Amino acid sequence: MTASTTNFPPYLGPIDRDWTIGELLEWCEDDARTHDPSLRGPLALIEAAVTGTPWRTASSTVAPSTVALTRSLAMAARAGNLSHVRIAHFVPDPAEMEQSERLEAKERQVA
């Protein structure tokens, strides 16, 4: 399993990088979070990293709904047995990366 080349901001909103995918999915079960539009961006980043493919929408500026992203994460977690894998595995913290890893990620962005 390899980490995605998706670049992440250091802040994922209320989502903790130390949570497992399973813990994230449990947290998302709360009705208030199920339709929280502020979670769209962070969930879209995590979902893209876990699945390896950014979500394609008619408008590239709007992430899919939190429900759709959560379902996609749940399917990917089940298919890849990822429930116990930490989000940090998919969402590296640039401050913790070796300089060469940061440069490689930056080069991939430019290419």
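These figures come from a predicted structure and were not determined experimentally. (Residues numbered from 1 in each chain as written. Predicted model: local features only at pLDDT ≥ 70, side-chain atom pairs only at ≥ 80, totals over all residues. Heavy atoms only, no water.)

J.: Explain the nonpolar core residue by residue, including any values.
T.: I15, I21, L24, L43, I46 and V50 are the most contacted members of the largest nonpolar core, which has 22 residues in total. With near-sequence residues (within four places) excluded, I21 lies in contact with I46, V50, A77, L82, S83, V85, I87 and F90. (Core = buried A, V, L, I, M, F, W, Y, C linked by side-chain atoms within 4.5 Å. Buried < 20%, exposed > 50% of the residue type's maximum accessible area, 1.4 Å probe, protein only. Contact = heavy atoms within 4.5 Å.)

J.: Report on helix α3 (residues 40–51), specifying residues and quantitative values.
T.: In this model α3 runs 16 Å from its N-terminal to its C-terminal C-alpha over 12 residues, within 8% of the 16 Å that 1.5 Å per residue would give. Residues of α3 that are buried include every one of P42, L43, A44, I46, E47, A48, A49 and V50, and no others. Within two residues after α3, G52 carries a phi angle of roughly 85 degrees, on the positive side. (Helix = DSSP H or I, 4+ residues; strand = E, 2+ residues; numbered from the N terminus. Expected span 1.5 Å × (residues − 1).)

J.: Kindly report on the pattern of salt bridges, identifying the contributing residues and their values.
T.: One pass over the structure, following the stated rule, counts 2 salt bridges. Among the salt bridges present, the one from R86 reaches E23, with a minimum N-O distance of 3.9 Å. Of the two residues, R86 sits in the loop between α4 (66–80) and α5 (87–90) while E23 sits in helix α1 (residues 21–28), which places them 63 residues apart along the sequence. Overall, the relative accessible area of 38% leaves E23 in the partly exposed class. With its nearest N and O atoms 3.7 Å apart, the salt bridge here joins R33 to D30. (Salt bridge = Lys/Arg side-chain N within 4 Å of Asp/Glu carboxyl O.)

J.: Outline the side chain of T70, supporting the account with residue identities and numerical values.
T.: Within the secondary structure, T70 is located in helix α4. What makes T70 buried here is its relative accessible area of 19%. Once residues lying within four places of it in the same chain are set aside, the contact partners of T70 are L25, C28 and L43.

J.: Which residues make up the side chain of S72, and what values go with them?
T.: By the secondary structure assignment, S72 is in helix α4. A polar side-chain atom of S72 sits 2.5 Å from a polar atom in the side chain of E47. Among all residues touching S72, those that are not within four sequence positions of it are E47, T51 and W55. (Polar contact = N/O pair within 3.5 Å; in protein donor to acceptor, adjacent residues only side chain to side chain.)

So yeah, pure geometry; function would need other evidence.
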